[in-house]
Amino acid sequence: MKVFLKHLSVLAFLLVGCFALSGCISHWFEDSTTRLQIENRTGADIIEIDIISEDGRLVRPWIQDTIKDSSVSRVYEEDWVGDFRGQILYLDSRVEKGYFDISLSGGSLYLVFTRNPDGTLHFESR
């Protein structure tokens, strides 16, 4: 009986170890969800922010709400981790596009978008 209980406890320990390393529990150790909030200081209304695939063929919208100049967006959440190319559409006198490179590592990200004197977009993380 003692041998059976010993083998059963080893089996239970192995099962718990496998379960703890499974995908569901790994989120305790690594956050694969990125939460993004935007502060718009561009002088124009941001109307969309997209993520572009590595080959440039697929454009996936991330934020499709208008973010007025001098305002802060709500928090948007996606399961993206890695290096991406972003596209921002903003409404000046007409719809304009800007591009940016961003590295997403999970967790919360607060970006402040501004425009440089030459009109190009700039962002910084806070």
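Rules behind the numbers
- Residues numbered from 1 in each chain as written.
- Predicted model: local features only at pLDDT ≥ 70, side-chain atom pairs only at ≥ 80, totals over all residues.
- Heavy atoms only, no water.
- Helix = DSSP H or I, 4+ residues; strand = E, 2+ residues; numbered from the N terminus.
- Buried < 20%, exposed > 50% of the residue type's maximum accessible area, 1.4 Å probe, protein only.
- Contact = heavy atoms within 4.5 Å.
- Core = buried A, V, L, I, M, F, W, Y, C linked by side-chain atoms within 4.5 Å.
- Pairing = 2+ DSSP bridges.
- Axes fitted to C-alpha atoms, helices over the stretch in contact; angles between N-to-C directions.
- Polar contact = N/O pair within 3.5 Å; in protein donor to acceptor, adjacent residues only side chain to side chain.
- Salt bridge = Lys/Arg side-chain N within 4 Å of Asp/Glu carboxyl O.
- pLDDT = per-residue confidence, 0-100.

J.: Can you tell me about the environment of valine 75, naming the residues and giving the values?
T.: By the secondary structure assignment, valine 75 is in the loop between strand S4 (71–72) and strand S5 (76–78). In this structure valine 75 comes out as partly exposed when scored by relative accessible area, which is 44%. It is 9.0 Å that separates the C-alpha atoms of valine 75 and serine 108, two residues lying 33 residues apart in sequence. Those residues in contact with valine 75 that lie beyond four places of it in its chain are Arg35, Leu36 and Gln37.

J.: Describe in detail the nonpolar core, supporting the description with residues and values.
T.: Core analysis: the biggest nonpolar cluster contains 20 residues, and Ile38, Ile49, Trp62, Ile63 and Phe113 have the highest contact counts within it. Taken together, the elements giving at least two residues each to this core come down to strand S1 (34–41), strand S2 (45–52), strand S3 (59–63), strand S6 (82–91), strand S7 (95–104) and strand S8 (107–115). Ignoring anything within four residues of it in the chain, the contact list for isoleucine 49 reads Ile38, Pro61, Trp62, Ile63, Gln87, Ile88, Phe100 and Phe113.

J.: Please provide a residue-by-residue account of the sheet that holds S2, values included.
T.: Taken together, four strands build an open sheet; the order of strands is S3-S2-S6-S7 and the sheet is antiparallel. The sheet is open, and its two edges are formed by S3 and S7, each paired on a single side. Strand-to-strand, the axes of this sheet are offset by a mean angle of 30 degrees, without reference to chain direction. As defined by bridge partners, S2 adjoins S3 across four bridges and the pair is classed as antiparallel. Among the inter-strand pairings, isoleucine 49 is bridged to a residue of S3, identified as isoleucine 63.

J.: Residues and numbers for the side chain of threonine 33, please.
T.: Tracing the chain through its elements places threonine 33 in the loop between helix H2 (23–26) and S1. What makes threonine 33 buried here is its relative accessible area of 12%. At 2.7 Å, the side chain of threonine 33 forms a polar contact with the side chain of aspartate 79. Each residue touching threonine 33, except ones within four places of it in the same chain, is listed here: Glu77, Glu78, Asp79, Gly106 and Gly107.

J.: How would you explain the pattern of salt bridges if you had to name every residue and give the values?
T.: Summed over the entire model, instances satisfying the criterion amount to 10 salt bridges. Between arginine 126 and glutamate 39 there is a salt bridge, with its nearest N and O atoms 3.8 Å apart. Of this pair, arginine 126 sits in the segment after strand S9 (121–125) while glutamate 39 is found in strand S1, placing the two residues 87 residues apart along the sequence. The exposure class assigned to glutamate 39 is buried, which follows from its relative accessible area of 7%. A salt bridge links arginine 57 to aspartate 55; the nearest nitrogen and oxygen atoms lie 3.6 Å apart. In this structure aspartate 55 comes out as exposed when scored by relative accessible area, which is 51%. Among the ionic contacts, a cluster of salt bridges with common partners joins Glu39, Arg41, Glu124 and Arg126.

J.: How would you explain the confidence of the model for the protein if you had to name every residue and give the values?
T.: Mean pLDDT over the protein stands at 83; residues scoring 70 or higher make up 79%. For the protein, the element scoring lowest by mean pLDDT is H2, at 52; S4 scores highest, at 96.

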